[in-house]
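These are the residues of each chain, in order.
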Amino acid sequence: MEARDVILRPVVTESSMADIDDKRYTFDVDTRATKTQIKSAIEEIFDVKVIKLNVMNVKGHLKRQGRYSGYTKKRRKAIVTLSSDSKEIKLFNEE
């Protein structure tokens, strides 16, 4: 798997944006990716040093529309902590 295939998108929530001050970033990653693949992909794409990586599997939630019900798709979430001397990851274009 290539680095761009492992990292799908950043998770932009209120709690994940509060963690950016501590150099902790949250990403949705491919469900088949391992911790070592995720770590190397983050270091390759953003040119930073990862010191800690937590990965969790998130089950799909039950959604209903009238009498029809189904589940959203499952996903894998990675919380990445960067070293204090590495640069910050730019999630948005700040000009």
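Because the structure is predicted, anything quoted here is derived from the model rather than measured. (Residues numbered from 1 in each chain as written. Predicted model: local features only at pLDDT ≥ 70, side-chain atom pairs only at ≥ 80, totals over all residues. Heavy atoms only, no water.)

1. Quick word on the confidence of the model for the protein chain
Interpretation of this model should avoid reading the predicted coordinates in detail wherever pLDDT is low.
Okay, step 1: This prediction gives the protein chain a mean pLDDT of 93; 98% of its residues lie at or above 70.
Okay, step 2: When pLDDT is averaged over each helix and strand of the protein chain, the minimum, 92, is found for helix α1 (residues 3-6) and the maximum, 97, for strand β5 (residues 68-71). (pLDDT = per-residue confidence, 0-100. Helix = DSSP H or I, 4+ residues; strand = E, 2+ residues; numbered from the N terminus.)

2. A few points about the sheet that holds strand β1 (residues 7-10)
Consider a sheet: its strands pair through backbone hydrogen bonds, and that pairing is either parallel or antiparallel.
Okay, step 1: Strand order across the open sheet formed by four strands is β1-β2-β6-β3, with antiparallel pairing between neighbours. Strands with a single pairing partner mark the edges of an open sheet, and in this sheet they are β1 and β3 (50-58). Taking the axes of each pair of neighbouring strands and ignoring which way they run, one obtains an average angle of 30 degrees across the sheet.
Okay, step 2: Along the sheet face, helix α3 (residues 35-46) touches β1, β2 (24-29), β3 and β6 (75-82) and points at about 125 degrees away from the line of β3. (Pairing = 2+ DSSP bridges. Axes fitted to C-alpha atoms, helices over the stretch in contact; angles between N-to-C directions. Contact = heavy atoms within 4.5 Å.)

3. Side note on the nonpolar core
The nonpolar side chains of soluble globular proteins are, as a tendency, buried together.
Okay, step 1: In terms of nonpolar packing, the biggest core is built from 18 residues, with Ile-7, Phe-27, Ile-38, Ile-42, Val-80 and Leu-82 touching the most fellow members.
Okay, step 2: When residues of this core are traced back to their parent elements, those giving at least two are α1, β2, α3, β3 and β6.
Okay, step 3: Residues in contact with Val-80, not counting those within four places in the same chain, are Lys-23, Arg-24, Tyr-25, Phe-27, Ile-42, Val-50, Lys-52 and Leu-53. (Core = buried A, V, L, I, M, F, W, Y, C linked by side-chain atoms within 4.5 Å. Buried < 20%, exposed > 50% of the residue type's maximum accessible area, 1.4 Å probe, protein only.)

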